[in-house]
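Each chain, letter by letter, is given below.
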Amino acid sequence: MKTVLITGCSSGFGLDTARYFLDRGWKVIATMRSPRSDLLPQSENLVVLPLDVTDDESVRQTVAAAGPIHVLVNNAGIGWMNALEGTPRDVARSVFETNTLGTMRMISAVLPQFRERKAGLIINVTSSVTMKPLPLLSVYTASKAAVNAFTESLAIELAPFGIAVKIVLPGAAPDTSFGSTAFSRLQESGGFPAAYAEFADEVIAAMRTPGAPKTLSADVAEAVWRAANDPSAPMRIPAGADAVALEA
Ligand SMILES: NC(=O)c1ccc[n+]([C@@H]2O[C@H](COP(=O)([O-])OP(=O)(O)OC[C@H]3O[C@@H](n4cnc5c(N)ncnc54)[C@H](OP(=O)(O)O)[C@@H]3O)[C@@H](O)[C@H]2O)c1
């Protein structure tokens, strides 16, 4: 039986991906900042562990407790929408600490066992915003584009050890809690700077176009599943109708 460790399983893509792999007979290490046993179906193949990807000790303890794994899915992430001028430096740092360094931290923690076994797969969830620039998302986009570039270089240095690395790029998924969490963070930090307020209204109105193609959690779960199980899958896999259209 194969084992997958997924970060950020308390909601959204991570939760649905954990469910998807469990349903298909994998052992799933579902990690969450605040572990909950009531989110996923009871199963002897499910282990729920605490994990904060910004914390070295938490990463070390969780990877040790997980035991041998075959696939690591770096899904945990936070959003941020604002102009650069409305982005406090500590917010920019926290976005990179979670999205970029959190991914690196997790990979560093599993590499010794992957190298020893000369096998292993890492799947990094980034974003379709790295394929088409959008305004007011510069800091978030940079945190995810850095993961894309990092992954492409890492793939070459890990290939001699039999370790593969893939990227799943979801499109906009308004149905997860991602947008509302980012919006709360925006409000907590004082909102858009006055000089950008009118522009921000236009950008937000454009994002809410009814009927526009969007991404569902199920699209991301399927893309991660494909990355893990289809040896012919490309390194970059778009997830969701909007992301697939962009890639085309
Ligand atoms: N939704 C979109 O439009 C969209 C589009 C493209 C890419 N993405 C990316 O897809 C991934 C999942 O997003 P989602 O839409 O499923 O959002 P979500 O529902 O907000 O889920 C994000 C998950 O990441 C976890 N997380 C945040 N900070 C963490 C930390 N320091 N350590 C461990 N876990 C942490 C959250 O846990 P808590 O519950 O503890 O906060 C939550 O489980 C993210 O990487 C996001 O950047 C999202």
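Provided above is the structure to which this section pertains.
This structure is a prediction, so every number in the text was calculated from the model and none was measured.

### What to know about the overall build of the protein
Check the secondary structure of the protein and you find 8 helices and 7 strands. Its C-alpha radius of gyration of 18 Å places the protein within 12% of the 18 Å reference for a compact globule of 248 residues. The principal-axis extents of the C-alpha atoms in the protein amount to approximately 55 × 40 × 40 Å. Across the 248 residues of the protein, 40% fall into the buried class. Taking the contacts inside the protein whose residues are at least 6 apart along the sequence as the reference set, 69% of them involve residues at least 24 apart.

### With respect to the site of the ligand
Neighbouring the ligand are 29 residues, the closest being Gly 8, Gly 12, Ala 76, Gly 77 and Thr 176. Residue assignment for the shell around the ligand shows that the elements contributing at least two residues are helix H1 (12-23), helix H3 (89-117) and helix H5 (178-188). Broken down by element, the residue count for the shell around the ligand peaks at 3 residues, all from H1. Taken together, the residues of the shell around the ligand sort by class into 10 nonpolar, 17 polar and 2 charged.

### A look at helix H7 (residues 217-229)
Compared with the 18 Å implied by 1.5 Å per residue over 13 residues, the 18 Å span of H7 between its first and last C-alpha is a close match. All buried positions along H7 are accounted for by Ser 217, Asp 219, Val 220, Ala 221, Ala 223, Val 224, Ala 227 and Ala 228. In this fold, the buried residues of H7 make contact with strand S1 (3-6), H1, strand S4 (71-74), strand S5 (120-125), strand S6 (163-170) and strand S7 (236-239).

### Some words on the nonpolar core
Within the largest apolar cluster, 46 residues are counted, with the highest numbers of intra-cluster contacts made by Val 4, Val 168 and Val 224. In contact with Val 168, other than residues within four places in its own chain, are Ile 123, Val 125, Val 220, Ala 223, Val 224, Ala 227, Ile 237 and Ala 239. Core analysis: the second largest hydrophobic core is formed by 11 residues, Trp 80, Val 95, Val 129 and Ala 200 among them.

### Looking at the packing of H3 against helix H4 (residues 138-158)
It is the contact of H3 with H4, at a shortest axis distance of 9 Å, that shows an interaxial angle of 20 degrees. Compared by their axis directions, H3 and H4 come out roughly parallel. Handedness of the crossing formed by H3 with H4: right-handed. Contacts between H3 and H4 pair Ala 92, Val 95, Phe 96, Asn 99, Thr 100 and Thr 103 from the former with Val 139, Tyr 140, Ser 143, Lys 144, Ala 146 and Val 147 from the latter. Classifying every residue of the contact of H3 with H4 by side-chain character gives 7 nonpolar, 4 polar and 1 charged.

### Things to note about the pairing of strand S2 (residues 27-32)
Burial analysis of S2 places 6 of its 6 residues in the buried class, which makes it a mostly covered element. Of the two faces of S2, both are covered, the one formed by Lys 27, Ile 29 and Thr 31 as well as the one formed by Val 28, Ala 30 and Met 32. In the sheet, S1 pairs with S2 via 4 bridges, with the strands oriented parallel. Looking at the pairing, Ile 6 lines up with Ala 30 of S2. Between S1 and its parallel partner S2, the chain crosses via H1, and the hand of that crossover is right-handed.

### Some remarks on the sheet that holds S7
With parallel pairing, the 7 strands of this open sheet are ordered in space as S3-S2-S1-S4-S5-S6-S7. Each end of this open sheet is capped by a strand with a single partner; those strands are strand S3 (46-50) and S7. For this sheet the average axis-to-axis angle between neighbouring strands, irrespective of direction, equals 20 degrees. On top of the sheet, H4 reaches S5 and S6; it is set at about 160 degrees to S6, its chief contact.

### Structural notes on the pairing of S6
The buried fraction of S6 is high, at 8 of 8 residues. Residues Ile 163, Val 165, Ile 167 and Leu 169 of S6 are buried on one face, and the alternating residues Ala 164, Lys 166, Val 168 and Pro 170, pointing to the opposite face, are buried as well. For the segment spanning S5, H4 and S6, crossover handedness is right-handed. By the bridge criterion, 4 bridges tie S6 to S7 in an arrangement that is parallel. When the bridges of S7 are listed, Val 168 appears paired with Ile 237.

Criteria and thresholds
Residues numbered from 1 in each chain as written. Predicted model: local features only at pLDDT ≥ 70, side-chain atom pairs only at ≥ 80, totals over all residues. Helix = DSSP H or I, 4+ residues; strand = E, 2+ residues; numbered from the N terminus. Rg over C-alpha atoms; globule rule 2.2 N^0.38 Å. Buried ≥ 20, exposed ≤ 12 C-beta atoms within 10 Å, placed from the backbone. Contact = placed C-beta atoms within 7 Å. Near = placed C-beta within 6 Å. Nonpolar A, V, L, I, M, F, W, Y, C, P; charged D, E, K, R; others polar. Expected span 1.5 Å × (residues − 1). Core = buried A, V, L, I, M, F, W, Y, C linked by C-beta atoms within 7 Å. Axes fitted to C-alpha atoms, helices over the stretch in contact; angles between N-to-C directions. Parallel < 35°, antiparallel > 145°, perpendicular 65-115°, else oblique. Left-handed = near helix turned anticlockwise from the far one by under 90°. Pairing = 2+ DSSP bridges. Right-handed = clockwise from strand over helix to strand, strands pointing away.

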